[in-house]
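Tertiary structure, described
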Amino acid sequence: MVAMLSVKVISEYHGSSLIDYLAHAFGVSKKKAKLAVDERRVFVNRRRIWMAKYKLSAGDLVEFQEGDQIAPVKELSIIWENAALLVVNKPSGVLSEGAGSVEELLRKQRKDSALRLVHRLDRDTTGCLMVARSDESFEQMKGQFEGHRVKKIYRALVSGIVERDKFVISTPIDGKSAKSEFRVLARSPQATELEISIETGRMHQIRKHILSAGHQVIGDKKYGDSKRLNTTQRGIAR
């Protein structure tokens, strides 16, 4: 977990921009302050703010989440492989596809330009990615994913206490069918660890479905409501 620093705005800085105040109050460069704002690691009065020119008022509580300091990925860990497929351990902070992605890194690491991801995971998500070693294996696995013959299981830490041990959410997402099955693994007074099995792979399906049940994935910068989290929970980066 990264540190969460906080300070109240004194009258002298009433009307200051968020980026200027971050640089002053936390002793960071404006470039680093802007990065924190862009990465949605800054809160004002418990609300996540991503506008660098946001004007502050005297008495505002400003919280600054220090960076994760993710080390550059030099080599990816191969979990399993055979003649047709690789399974790679995707680290957090790396895109699945595109420049600097898992796919690009793996092609360089294995010196094999034919390697091709069968599916994707969000940038901040860690987990297993299947990689086809040929066009033939890619098409075969693509068919299995499209035919819902692959079982995808995730784990997530969500806010609050989820009371039901098992439940299913089938709310459509963007007009398309979506189904998520949830099972409680552990509970604490502040959070619940869930195992989630999804039959469909809609964008941000798990985050949207658990939000509809009155909880949020802790560290979710897109859909989470930071006002409903305490300082410790807001300090969880992802």
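1. Examining the sheet that holds strand 3 (residues 47–48)
Spatial strand order, 1-4-2-3: 4 strands in an open sheet with antiparallel pairing. Of all strands in the sheet, those bounded by a partner on one side alone are strand 1 (4–8) and strand 3. Pairing analysis gives 2 bridges linking strand 2 (residues 42–44) to strand 3, with the strands arranged antiparallel. Residue pairing for strand 3: phenylalanine 43 is matched across the bridge by arginine 48.

2. Quick notes on the packing of aromatic side chains
Applying the stated criterion across every chain yields a total of 3 aromatic pairs. Relative to phenylalanine 64, the ring of phenylalanine 26 has its centre 5.1 Å away and its plane inclined at 20°; by these criteria the two rings are stacked. Here the residue phenylalanine 26 occupies a position in helix 1 (residues 18–26), and phenylalanine 64 occupies one in strand 4 (residues 61–65), the gap between them amounting to 38 residues. For the pair phenylalanine 26 and phenylalanine 64, one class covers both residues: buried. Pairing phenylalanine 167 with phenylalanine 182 gives two aromatic rings, centres 4.8 Å apart and planes at 10°, and the pair type is stacked.

3. Some words on the environment of serine 29
One can find serine 29 in the loop between helix 1 and helix 2 (30–38). The exposure class of serine 29 is partly exposed, given its relative accessible area of 42%.

4. A short note on unusual backbone geometry
At arginine 46, a residue that is not glycine, the phi angle is positive and equals roughly 70°. Along the chain, arginine 46 turns up in the loop between strand 2 and strand 3. With phi around 60°, histidine 148 is a residue other than glycine that occupies positive phi space. Residue placement: histidine 148 occurs in the loop between helix 4 (135–146) and strand 9 (152–159). A residue is classified by how much of its surface remains accessible, and histidine 148, at 53% relative accessible area, is exposed.

5. What about the pattern of salt bridges?
A full pass over the atoms with the stated rule returns 15 salt bridges. In this structure, the salt-bridge partner of arginine 183 is glutamate 195, at a minimum N-O distance of 3.2 Å. Taken as a pair, arginine 183 in strand 11 (residues 180–187) and glutamate 195 in strand 12 (residues 191–198) lie far apart in primary sequence, 12 residues in all. A relative accessible area of 33% places arginine 183 in the partly exposed class.

The rules we used
Residues numbered from 1 in each chain as written. Predicted model: local features only at pLDDT ≥ 70, side-chain atom pairs only at ≥ 80, totals over all residues. Heavy atoms only, no water. Pairing = 2+ DSSP bridges. Helix = DSSP H or I, 4+ residues; strand = E, 2+ residues; numbered from the N terminus. Phe/Tyr/Trp six-rings, centres within 6.5 Å; stacked < 30°, edge-to-face > 60°. Buried < 20%, exposed > 50% of the residue type's maximum accessible area, 1.4 Å probe, protein only. Salt bridge = Lys/Arg side-chain N within 4 Å of Asp/Glu carboxyl O.

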